[in-house]
Amino acid sequence: MTEPEINLALALLHGLTDDEWEHALASLERAPTYAELGVISVMWSEHCSYKSSRVHLAKLPTTGPKVVQGPGENAGAVDLGDGYCAVFKMESHNHPSFIEPKQGAATGVGGILRDVFTMGARPVAALNSLRFGERDHERTKHLVRGVVEGISSYGNCMGVPTVGGELQFDASYNGNILVNAFAVGVAKTDELFFGRASGVGNLILYVGAKTGRDGIHGATMASAEFTDDAEQKRPTVQVGDPFMEKLLLECCLEVFSNGSLEGVQDMGAAGLTSSSVEMGARAKTGVELWLDAVPRRTNAMTPYELLLSESQERMLMVAKPGREGEVLAACEKWGLDFAVIGEVTDTRRFVCRATPSLDPFRGSDVDLDLARAADIVVDLPIALLTDDAPTYDRSVEPPRRDSFTSDLASAPPLRSYEDELLSLLASENIGSRAWVYRQFDHIVQGGTMVRPGAADAAVIRVLCDRDQGGPEKLLALAVDCDGRHVSLDPFQGAAMAVAECARNIVCTGGRPLGLTDCLNFGSPEVPATMWQIKTAIEGLAAACRALSVPVVSGNVSLYNETRGRAILPTPTVAIVGQVEHRDHVTTLGFKAEGHVVALLGAPGRGRLGGSEWFTRRTGRVGGDPVGIDLDAERALQVALLALCQRELLASAHDISTGGFAVAMAESMLPSGIGATITIPGRGDLAGRLFGEEPTRVILSHEERCTQSIVELCEQHGVPYEPIGVTRGDRFVVDDVFDIAVEELRIAHDSALAFMDS
Amino acid sequence: MRVGVIQYPGSNADYDALHVLRDVLRWDARYVFHKEQSLAGCDAVVVPGGFSYGDYLRPGAIARVSPITAALIEFAQSGGPVLGICNGFQILTELGLLPGALTRNRHLRFECRDVFVRCEQAGVFTPSAGTVLRLPIAHADGRFVVDERGLSELEDRGQIALRYCDAQGGVRDVDNPNGSVSNIAGIYNEAKNVLGLMPHPERASEALVGNEDGRVMFAALAAAWSASSEGAS
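Residues numbered from 1 in each chain as written. Chains lettered and ligands numbered in written order. Predicted model: local features only at pLDDT ≥ 70, side-chain atom pairs only at ≥ 80, totals over all residues. Heavy atoms only, no water.

## A word on the overall build of chain B
Part 1: From N to C terminus, chain B includes five helices and 11 strands.
Part 2: For chain B, whose C-alpha radius of gyration is 16 Å, the value lies close to the compact-globule estimate of 17 Å for 233 residues.
Part 3: In terms of its C-alpha atoms, chain B occupies a principal-axis envelope of roughly 45 × 40 × 40 Å.
Part 4: Here the contacts in chain B between residues at least 6 apart in sequence split such that 73% fall between residues at least 24 apart.
Part 5: Of the roughly 8,500 Å² of accessible surface on chain B, a fraction of 50% belongs to carbon and sulfur atoms.
Part 6: Averaging the locations of the 21 positively and 27 negatively charged side chains of chain B gives two centres separated by 3 Å. (Helix = DSSP H or I, 4+ residues; strand = E, 2+ residues; numbered from the N terminus. Rg over C-alpha atoms; globule rule 2.2 N^0.38 Å. Contact = heavy atoms within 4.5 Å. Areas by Shrake-Rupley, 256 points an atom, 1.4 Å probe, with all protein chains shown as cover. Lys, Arg positive; Asp, Glu negative; His and termini not counted. Charge placed at Lys NZ, Arg CZ, Asp CG, Glu CD.)

Here it is as structure tokens:
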């Protein structure tokens, strides 16, 4: 195959800019080869280089007493005690999931699980955060079905329980859905593995599936907005095989435990290229690859294709001297491909060799001596691909405030509050998610204590050393973001996402340990969007500092826009928390009649900005931003955790989407026990019922605990107000409404019924 | 009691079973890797849930040519207690140790939730008839099918072990999560030493997960085993 002429036009086709092309030429003092152009373009893509966000990401707090591993490795890690740590990360797979929903979502799950077990941790749970366009948009049902099926097929087969997540529909995602996948694993802290190509002369091993042509330029595709040709990009989507990955998982954990490895890195975005370059960069070494030896599943693959393929379920390992045999033995046991494909050098360069027109797929056994003496097709300084890659401090411009309406005048006449509540409960953004989570195996591994929907966070029991049956650790897991609040005020909205996620952990009885983020935005080249990115990151940073939750890993997904229409700014965050004792676990449902119902936190000002109710009433996101007081939030979370730990509560449920009335209704659904209450706060009734101001939690508890609770709240300076009592099977608010819980349930259960119609 | 839990490539509830048998019930349980060829030393065998061989071809189909299979068939045919859970049930039908087949759920989706099952037949893995258990299911291919003659044989020989039901034990179609014929959730072989079922008793055998109904089935096995060892001694 003849290679194309290397020039500016080809570079532009690869997504480089004029300046970046000049930078490459000047650094190399020659034109790159075709394979080198592929390598440079993919390593300099937004997806791999974080070139637009890097200057801002530096503002995030990444250290703390519990941090074992911060950002920069395959995943972050926090301490769980007894020498064990939780290893976790969240990653986006937005672009591929829109083009091919099932495979896009499946390989998103596969990629994040690999990131976790690459660190030496067995994955113990997964979450996901999904965004789709309007319910009635022509593609929505197809995309939801495909994405849920993709996650289900991959996660279920891997035997990792998908224990929670979130789902929102909004018109801004019509042309760009979001699929953010989170995974957490547990490892011995002193046995973590890192992606480092250490030890000059050590051999580089290839383990896992064979390399094909799928996913070539996936990272570049994920670094551009969609035009009308999104469908044409299907070949850039990878195809997943969870069975292969399950074997790879078991094989890797076996290899890790026998001590034969120096470093390991999974082949994710930009495949063989980024995995080897990153390993060399971290270890400050060089890497030489002998491409003739790469196992392949199709013939006539060029060096360019081998280097850019994003075929799934592949690992790159660096063996300790003379220990390759042990890796080979494990691969044979689990039936995986294994090849020696290179070595660690001291050149700080990324060098690849290949024999022109050699096609080992046709059966010729590869002679390693010939492979390591083959022609040089890539010879690039690693620094050029990593530290010296372009970064941009792009211009920012706040939007005009009048771009949002606060006007409810155009809304249809208000129905009864009863009907408003029922329609909110039936909203696809609020009601039961059972249609989704029942397709996920959320109980495999036998440790799911709190299942999806039963509490504000999922809780799992992990036996850290499976073979020994202990020690036992309880993890609380939650993921959150409401792009509507972020769009009204990126700083406050992003801070609210962190606060809500942490509050969800605390409502369940856990202490937040660390956070991972997935920053989904439109094009950074649009100053108003870049302003959202910068401001939202500052909001995340402020909230993480205020609540002492460090950021240990994350991912940035930009260019989520189609024909100039960007998604709502969606900086999704997931938090891993730890519950100290089984008895501290608190769920959201009322437990018995005659319990006190109370509001923890200030009742709020009745603001409706960004709420589901406002959006449904007006058909657009708007209203005055509700904002958050981070000092009050911190005090509330400290007090609430103490209440859970002293076992004073029967239930705790935070007020979020849908507001106070929806949170009350949700507290009634698990047991069917109703309540008679008064609505806290003053002012407009709709605002008090349906506004989404943060830092509020609905509690229920036994009467005899009141005194202790009041004292504890006073001590922490947190407002506590008894507002009623659990009673009967109706939700009663004097002079406002009186609804049967069964009616609430029917509405709630109907939320995703449209998926079956 | 010594129990072997067979570990195929792609098994994923192998740990769930081992954990309950070894860590909760404190039995002598171990994995048997699919490349082993003997079940010597096992008093009972669990064929666990998961996606053996990636469900390629059909769920459970490729296990038929696994190295451990001959030993498994011999163990079952010589009367050893064998419990096939979920993918294990699928494997046992593919091996011909149990009749019928498991096909795609009626609504074509994977389904993970709690269901109720009613014991139809006391036996080596089941308590007295009429006992209602709450157990979780987690499968996409759990719709038990068998032809009419096969169904009447199952009924006549008392091989139907479990039926999907409501909380009170009433058997109605609305409580059938996957469309299985006659609400069948689990069946015995003719000799009643092999049970296959779609629900997961091993995921409901610990107070921590809020449900210990599954332990009843392991208790039945323990009772049957101690009765048979007394008989033998």
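There is more to say, and it comes next.
## Notes on the packing of aromatic side chains
Residues and elements named next belong to chain A.
Part 1: Across all of its chains, the model carries 11 aromatic pairs over all chains by this definition.
Part 2: Arranged with centres 6.0 Å apart and planes meeting at 35 degrees, the rings of F132 and F169 form a pair that is tilted. You can see F132 sitting in strand 4 (residues 122-132) and its partner F169 sitting in strand 5 (residues 162-169), a full 37 residues away along the chain. The same class applies to F132 and to F169, which are both buried.
Part 3: For the ring pair W613 and F690, a centre distance of 5.5 Å and an interplane angle of 25 degrees mean the geometry is stacked. Separated by 77 residues along the polypeptide, W613 in helix 21 (residues 612-618) and F690 in helix 24 (residues 685-690) bring together distant segments of the chain. Of the two residues examined, W613 and F690, each falls in the buried class.
Part 4: These aromatic residues form a ring-pair network of at least three members: F132, F169 and F754.
Part 5: Between the NZ or CZ atom of R139 and the centre of the ring of F98, over which it lies, the distance is 4.6 Å. (Phe/Tyr/Trp six-rings, centres within 6.5 Å; stacked < 30°, edge-to-face > 60°. Buried < 20%, exposed > 50% of the residue type's maximum accessible area, 1.4 Å probe, protein only. Lys NZ or Arg CZ within 6 Å of the ring centre and 35° of its normal.)

## Concerning the sheet that holds strand 5 of chain A
Residues and elements named next belong to chain A.
Part 1: If you walk across this open sheet you meet the six strands as 1-2-3-6-4-5, and the pairing is mixed. Unpaired on one side and paired on the other, strand 1 (67-69) and strand 5 mark the two borders of the sheet. The sheet shows a mean angle of 25 degrees between the axes of neighbouring strands, taken without regard to direction.
Part 2: In the sheet, strand 1 pairs with strand 2 (residues 76-81) via two bridges, with the strands oriented antiparallel. If you follow V67 over to strand 2, its bridge partner there is V78.
Part 3: The sheet contacts of helix 8 (residues 140-158) involve strand 4, strand 5 and strand 6 (178-188), and relative to strand 4 the element is tilted by about 175 degrees. (Pairing = 2+ DSSP bridges. Axes fitted to C-alpha atoms, helices over the stretch in contact; angles between N-to-C directions.)

## Focus on the interface of chain A and chain B
Part 1: With 34 residues of chain A in contact, the opposing surface of chain B contributes 27 residues.
Part 2: When the area that chain A buries against chain B is broken down by residue, the three leading residues are F243, R438 and R466 of chain A, summing to 21%.
Part 3: The interface formed by chain A and chain B includes four salt bridges.
Part 4: The residue E206 of chain B makes a salt bridge to R461 of chain A at a minimum N-O spacing of 2.8 Å.
Part 5: For the pair chain A and chain B, the interface holds 13 residue pairs in polar contact (both at pLDDT 80 or more).
Part 6: Of all the secondary-structure elements, those providing two or more residues to the side of chain A that touches chain B are helix 8, helix 10 (242-257), helix 13 (324-334), strand 14 (448-450) and strand 15 (458-465) of chain A.
Part 7: It is helix 8 of chain A that contributes the most residues to the side of chain A that touches chain B, four residues altogether. (Buried area = accessible area lost by both parts, 1.4 Å probe. Salt bridge = Lys/Arg side-chain N within 4 Å of Asp/Glu carboxyl O. Polar contact = N/O pair within 3.5 Å; in protein donor to acceptor, adjacent residues only side chain to side chain.)

## Describing the confidence of the model for chain B
Reading predicted coordinates in detail is not appropriate for stretches of low pLDDT.
Part 1: Looking at chain B as a whole, its pLDDT mean stands at 96, while 99% of the residues score no less than 70.
Part 2: With pTM at 0.96, the complex prediction returns an ipTM value of 0.96. (pLDDT = per-residue confidence, 0-100.)

## Focus on empty space enclosed by the protein
Part 1: For the structure shown, the criterion picks out four cavities of 30 Å³ or more.
Part 2: The space that makes up the largest cavity amounts to roughly 120 Å³.
Part 3: Lining the largest cavity are 16 residues; nearest its centre among them are G50, F51, C86, A138 and H139 of chain B.
Part 4: Here the lining of the largest cavity is built from residues that sort into five nonpolar, seven polar and four charged.
Part 5: What the second largest cavity holds in volume is close to 70 Å³.
Part 6: Along its surface, the second largest cavity is lined by V109, I112, L113, A126, L127, N128, I151, G155, V160, T162, A181 and F182 of chain A.
Part 7: Class assignment for the residues of the lining of the second largest cavity results in nine nonpolar, three polar and no charged. (1 Å grid on protein atoms, 1.4 Å probe; cavity = no way out; pocket = protein on both sides within 12 Å on 5 of 7 lines; lining within 4 Å. Points joined across faces, edges and corners; volume = space filled by probe spheres on them. Nonpolar A, V, L, I, M, F, W, Y, C, P; charged D, E, K, R; others polar.)

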